[in-house]
Amino acid sequence: MKKRAMATGTAGGNGRRRFLKLAGYGALGLMTGGFRPLLDHSAAGQNPETIPQTEFVPDLDISLMARPDEVAVFPGNPTQVWRYHAIIHKGDKNRVIEIPRSYLGPVIKMRQGEKIRIRFKNSIPEESIIHWHGLHVPAIMDGHPRYVIPKGQSYLYEFEVRNRAGTYWYHPHPHGRTGPQVYRGLAGLFLVSDEEERAAGLPDDEHDVPLVLQDRSFDPDNQLVYTSGHRMEQMTGFLGDWIMVNGMPDFTLPVSTSAYRLRLLNGSNSRIYKLAWQDGSPLTIIGTDGGLLERPADRRYAFLSPGERLEIWADFSEHPVGFETSLISLPFETGGMGRGMMMGGRIGQNQSLPNGAGFTIFRMKITKHVKKNQTLPKMLSEIRPLPQDEAVNFYSPRQFYLTMRQMQWSINGRVFEMEGVADDEIVQLGSKEIWEFNNTGGGMMQMMNLPHPIHLHGKQFRVIERSGVVHEGYVDEGWKDTVLLMPGERIRILVDFEDYPGMFLYHCHNLEHEDMGMMRNYFVRES
Ligand code: C2O
Ligand code: CU
């Protein structure tokens, strides 16, 4: 019999000129859709507009298929999933790593400056498209839902990897169906390395461990169960009662008496983790969404909301073989249903493991003694200064209110429109801007005030200010692409729109919120 996770209550380039051209569009007229996805990756099938003037020579050339598959998650019946599967056409085989026994897609490994071609083939029975979460790529490579392709068709991605070393990821982005598609298994990691990271001398190979955290629910037949579709459940977001790590339940990581780099991604639809070590020792954070921090940062605990990444340094050299510890999620308040709410309780919440419940995420067990002493570097990387007063709107930041009206999450009262961009969502290429997000109850009735992880496509940004009720547990240092706003919070971020014109998304990364339209376009205008 399956044993659910138990709530514990307490617990201790060239810049690719041609892309700039193609993605530039020049005018807003383009938003009426002229751009077509490639229906075929052969030269003959390409839209002439997208045929490069100079040949794109990829360092890694792969096909990535989304297709139905099955995985043995539990003893007994295999679980039906959708899964990304890769075939390498050109490049080093060690750059595409399948995770055994997992529904997750392969881990793709690239070096900064390398070029990748991905021939996405959609073989699931509905529309899809892939978004490269956190990667700085041109608009047509970013997986906007307007580029969705139906079953049987392909979309060609070609881009240079320009990001800093870090833990990025990829997942589907069709409008209204991102939640269910990710839930079925479509997601994978995209790791970038660079010289600076190598120089930092962090644990590598089997001491560099990616850990994707997700929650799932299963029926007695071992099949995945998604939300009932009930509106209240959508309003909260899907919450499963099994905590999965790299697609596996009851996960234990065998380790040796040495130091580890743990790369955590919250790939859950809506669950937020309040990460801590079981024994209460502090977490040593070395990286976030956009790569390594300047120097390690200690936290008693740290929130990890959907879409966010955190990298942790864990050193087991002082412990004996047989030692066990675990990474846990501490209980916390989500705000939930607002004060004075008529509905009260936890309607729409998973009853056995609500958001904010405490539980064990996974265990680590020392199984091997090795003599490998590695010390935590004092300096990890250099973070380029981004002075606030260079923002064109330094005195009047752009305002975004996270709002709810008539059981519908929205941003500034607006919901997603495929081609729609409002006047106050247009930014100038080459400018820096301050964006302010407010999760202070924009809904008329303030019925419900929930956490919202806000994600910008195409950019890494800096968090420059945070005010509200929660004062601990954030890692706002370094580069971010997703940032959590707890109820009552207001944050300011600084974004540099230095390159890549065109249309990109910003949205809540609670996937059920996103699917119901808590997502908007922003448009980077060239002149
Ligand atoms: Cu990770 Cu628009 O998403
Ligand atoms: Cu949200």
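Note that the structure is a prediction, hence the values are computed from the model and not measured.

About the cut-offs
Residues numbered from 1 in each chain as written. Chains lettered and ligands numbered in written order. Predicted model: local features only at pLDDT ≥ 70, side-chain atom pairs only at ≥ 80, totals over all residues. Heavy atoms only, no water. Helix = DSSP H or I, 4+ residues; strand = E, 2+ residues; numbered from the N terminus. Buried < 20%, exposed > 50% of the residue type's maximum accessible area, 1.4 Å probe, protein only. Areas by Shrake-Rupley, 256 points an atom, 1.4 Å probe, with all protein chains shown as cover. Phe/Tyr/Trp six-rings, centres within 6.5 Å; stacked < 30°, edge-to-face > 60°. Contact = heavy atoms within 4.5 Å. Polar contact = N/O pair within 3.5 Å; in protein donor to acceptor, adjacent residues only side chain to side chain. Salt bridge = Lys/Arg side-chain N within 4 Å of Asp/Glu carboxyl O. Pairing = 2+ DSSP bridges. 1 Å grid on protein atoms, 1.4 Å probe; cavity = no way out; pocket = protein on both sides within 12 Å on 5 of 7 lines; lining within 4 Å. Points joined across faces, edges and corners; volume = space filled by probe spheres on them. Nonpolar A, V, L, I, M, F, W, Y, C, P; charged D, E, K, R; others polar. Donors = N, O, S within 2.8 Å, 3.2 Å for Na, K, Ca; no water. Core = buried A, V, L, I, M, F, W, Y, C linked by side-chain atoms within 4.5 Å. Axes fitted to C-alpha atoms, helices over the stretch in contact; angles between N-to-C directions.

### Digging into the overall build of the protein chain
Moving on, step 1. A tally of regular secondary structure across the protein chain gives 5 helices and 31 strands.
Moving on, step 2. Of all 527 residues assigned to the protein chain, the portion counted as buried reaches 62%.
Moving on, step 3. By element, 51% of the accessible surface of the protein chain is carried by carbon and sulfur atoms, the whole surface being about 20,000 Å².

### Regarding the packing of aromatic side chains
Moving on, step 1. Scanning all chains against the criterion turns up 31 aromatic pairs.
Moving on, step 2. The interplanar angle of 80 degrees and the centroid separation of 5.9 Å between the aromatic rings of Y273 and F359 together place this pair among those described as edge-to-face. Placement of Y273 in strand β15 (residues 273-277) and of F359 in strand β21 (residues 359-368) is noted, with a sequence separation of 86 residues between them.
Moving on, step 3. Overall, F359 belongs to the buried group, its relative accessible area being 1%.
Moving on, step 4. Note on W435 and Y506: the rings are 5.7 Å apart at their centroids and 70 degrees apart in plane angle, and the pair reads as edge-to-face.

### So, the environment of S270
Moving on, step 1. One can find S270 in the loop between β14 (259-266) and β15.
Moving on, step 2. Considering only alpha carbons, one finds S270 and G240, 30 residues apart in sequence, at a separation of 9.4 Å.
Moving on, step 3. In contact with S270, not counting residues within four places along its chain, are T236, G237, F238, L239, P306, N355, N510 and E512.
Moving on, step 4. Polar side-chain contacts of S270 include one of 2.8 Å to the backbone oxygen of F238.

### Quick look at the pattern of salt bridges
Moving on, step 1. Taken as a whole and assessed by the stated rule, the structure comprises 37 salt bridges.
Moving on, step 2. The residue R261 makes a salt bridge to E311 at a minimum N-O spacing of 2.7 Å. Of this pair, R261 sits in strand β14 while E311 sits in strand β19 (residues 309-315), and the two are 50 residues apart along the sequence. With respect to class, R261 is no different from E311; both count as buried.
Moving on, step 3. One salt bridge in this structure joins R520 and E425, with 2.8 Å as the shortest N-O distance. Remark: E425 occurs in the loop between β23 (409-411) and β24 (426-428) and R520 occurs in strand β31 (residues 519-525); sequence separation between them is 95 residues. Grouping residues by exposure puts R520 and E425 together as buried.
Moving on, step 4. Each of E197, D208, R261, R263 and E311 takes part in salt bridges that share partners, so that together they form one network.

### Some details on the pairing of strand β4 (residues 107-111)
Moving on, step 1. Here strand β3 (residues 96-97) runs beside β4; their pairing, made up of 2 bridges, is antiparallel. Looking across to β4, one finds that V96 is bridged to I108.
Moving on, step 2. Pairing of β4 with strand β9 (residues 188-193) involves 4 bridges; the strand directions are parallel. Within the sheet, the bridge partner assigned to M110 lies in β9 and is V192.

### Observations concerning the layout of surface pockets
If a probe the size of a water molecule is rolled over the atoms, the empty space left behind becomes visible.
Moving on, step 1. One number sums up the size of the largest pocket: a volume of about 1,100 Å³.
Moving on, step 2. In terms of lining residues, the largest pocket is bounded by 39 residues, among which K109, D204, D205, E206 and D208 are the most central.
Moving on, step 3. Those elements that place two or more of their residues in the lining of the largest pocket are β4, β9, α3 (195-200), β10 (208-216), β13 (252-256), β14 and β21.
Moving on, step 4. A breakdown of the residues in the lining of the largest pocket according to their chemical character gives 18 nonpolar, 7 polar and 14 charged.
Moving on, step 5. There is about 430 Å³ of room inside the second largest pocket.

### Thoughts on the coordination of the copper ion (ligand 2)
Moving on, step 1. Of the protein atoms, only H452 (ND1), C508 (SG) and H513 (ND1) coordinate the copper ion (ligand 2), at distances of 2.0 to 2.1 Å.
Moving on, step 2. Taken in sequence order, the residues that donate to the copper ion (ligand 2) follow the motif H-x55-C-x4-H. In this pair, H452 sits in strand β26 (residues 452-456) while H513 sits in helix α5 (residues 511-515), placing the two residues 61 residues apart along the sequence. Accessibility assignment for this pair places H452 and H513 in one class, buried.

### Focus: the nonpolar core
Moving on, step 1. Core analysis: the biggest nonpolar cluster contains 61 residues, and L262, L264, L275, I361 and F362 have the highest contact counts within it.
Moving on, step 2. The contact partners of F362, leaving out residues within four places of it in the chain, are L211, V245, F251, L253, L264, T325, S326 and L327.
Moving on, step 3. Ranked by size, the runner-up nonpolar core spans 33 residues in total, among them L60, Y84, W132 and Y157.

### Some thoughts on the sheet that holds β14
Moving on, step 1. Overall, mixed pairing links the 7 strands, which are arranged β12-β11-β10-β14-β19-β16-β17 in an open sheet. Each of the sheet's edge strands pairs with one partner strand only, and the pair in question is β12 (248-249) and β17 (291-299).
Moving on, step 2. Summarising the sheet, β10 and strand β11 (residues 242-245) pair through 4 bridges and their orientation is antiparallel. Within the sheet, the bridge partner assigned to R216 lies in β11 and is W242.

### Thoughts on the side chain of Q214
Moving on, step 1. If you trace the backbone, Q214 turns up in strand β10.
Moving on, step 2. Q214 gets classed as buried once you look at its relative accessible area, which sits at 0%.
Moving on, step 3. A distance of 2.7 Å separates polar atoms of two side chains, one belonging to Q214 and the other to Y103.
Moving on, step 4. For Q214, the contacting residues outside a window of four places in its chain are Y103, L104, V182, A187, W242, I243, M244, G267, S268 and Y273.

### Here's the deal with the sheet that holds strand β7 (residues 154-160)
Moving on, step 1. Within the open sheet, the 4 strands sit side by side as β2-β1-β5-β7. Their pairing is mixed. With one partner strand each, in any of the chains shown, β2 (79-90) and β7 form the two edges of the open sheet. Neighbour to neighbour, the strand axes of the sheet diverge by 25 degrees on average, direction disregarded.
Moving on, step 2. As paired strands, strand β1 (residues 60-71) and β2 are joined by 11 bridges and run antiparallel to one another. Paired with R67 across the strands is R83, a residue of β2.

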